[in-house]
Amino acid sequence: MLISKTMNDAINEQIGNEFGASLQYVAISAHFAAEGLTELAAHFNRQAAEERDHAMRFVQYVVDVGGRVGIPAITAPKCSFKSVEEAVQLSLDGEKTVTEQINALVELAIKSSDHFTQNFLSWFIREQLEEVSSMENLLKTVQRAGETNLLYVEEHLARHHGKRDHEAATAAE
Ligand SMILES: [Fe+2]
Ligand SMILES: [Fe+2]
């Protein structure tokens, strides 16, 4: 095994955290879908898929370094929300928590001179910056719109996502 048992255990815990984030986004997406907010629902569905991908990256890494994957129990996500703002604020708080968790993993890797893991985690450091800043932007948009003007948020997401699809398509050409 190319990583320590302590690091293996810490990564297994993070696999649970990423699956937990994925479930939380599924719950938020379903809540928005039930409210008829289809763009917000689709946005959080994409976030849920990304979190599952994060969990799977950790799973693959543990396999690659010859460790043992152990998936902990996942706590139930929050499923009901008083407002869109509450759900997006919870998401932002969650992303900040995950950032702290990733930072703690980096600290552990540095302390144990584990360069494989340190290098592997650098992708997550960049990803967390992106996720925290985009969730902060979404929260600002939601706050500016207020509960009476949520169609503005829907329109904003549709436009933004459409633009990203276009950029991805032109980059692939
Ligand atoms: Fe994540
Ligand atoms: Fe995330």
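Just above, that's the structure.
What you are looking at is a predicted structure, and each value in this text was computed from that prediction instead of being measured. Along each chain, residues carry numbers from 1 onward, in the same order as the chain's sequence is written. Each chain gets a letter, beginning with A, and each ligand a number, beginning with 1, in the order they are written. Only residues with pLDDT of 70 or above have their local features reported here, since the model is predicted, and side-chain atom pairs are shown and tallied only from 80 upward, although totals for entire chains, interfaces and linings are computed over all residues. Only heavy atoms go into the side-chain values, all of them from the structure, while hydrogens and water stay out.

Draft legend 1. Quick peek at the coordination of the iron ion (ligand 2). Donor criterion used throughout: N, O or S atom within 2.8 Å of the metal, extended to 3.2 Å for Na, K and Ca. Water excluded; incomplete-looking sites may result. On the protein side, the iron ion (ligand 2) has Glu51 (OE), Glu95 (OE), Glu95 (OE) and Glu131 (OE) as donor atoms, found 1.8 to 2.4 Å from it. Site shape is set this way: if four donors have all angles between 85 and 135 degrees, tetrahedral; if opposite donors are over 155 degrees apart and all others between 65 and 115, square planar for four donors and octahedral for six; otherwise irregular. Around the iron ion (ligand 2) sit four donor atoms; with metal-centred angles ranging over 55 to 147°, the donor geometry is irregular. A separation of 3.4 Å is found between the iron ion (ligand 2) and the iron ion (ligand 1), which share glutamate 51 as a coordinating residue. Here the residue glutamate 95 occupies a position in helix H3 (residues 84–111), and glutamate 131 occupies one in helix H4 (residues 115–145), the gap between them amounting to 36 residues. Exposure classes here rest on a 1.4 Å probe applied to the protein chains alone. A residue is buried below 20% of its type maximum, exposed above 50%, and partly exposed in between. The buried category is assigned to glutamate 95, whose relative accessible area is 2%. The exposure class of glutamate 131 is buried, given its relative accessible area of 3%. Counting from the N terminus, the helices are the DSSP runs of H or I reaching at least four residues and the strands are the DSSP runs of E reaching at least two.

Draft legend 2. Summary view of the coordination of the iron ion (ligand 1). Note on the iron ion (ligand 1): its protein donors are Glu18 (OE), Glu51 (OE) and His54 (ND1). The metal-donor distances range over 2.1 Å. Going along the chain, you hit the donors of the iron ion (ligand 1) in the pattern E-x32-E-x2-H. Residue glutamate 18 is classed as buried on the basis of its relative accessible area of 0%.

Draft legend 3. Representation of the nonpolar core. The biggest cluster of nonpolar side chains holds 22 residues, and the ones touching the most others in it are Phe32, Leu40, Phe44, Val84, Val88, Leu138 and Val153. For this core, the secondary-structure elements that each account for two or more residues are helix H1 (5–34), helix H2 (38–64), H3, H4 and helix H5 (150–172). Buried Ala, Val, Leu, Ile, Met, Phe, Trp, Tyr and Cys residues that are joined via side-chain atoms within 4.5 Å together make up what is termed a nonpolar core. The next biggest cluster of nonpolar side chains, apart from the first, holds 21 residues, and it includes Ile3, Phe19, Leu105 and Ala109.

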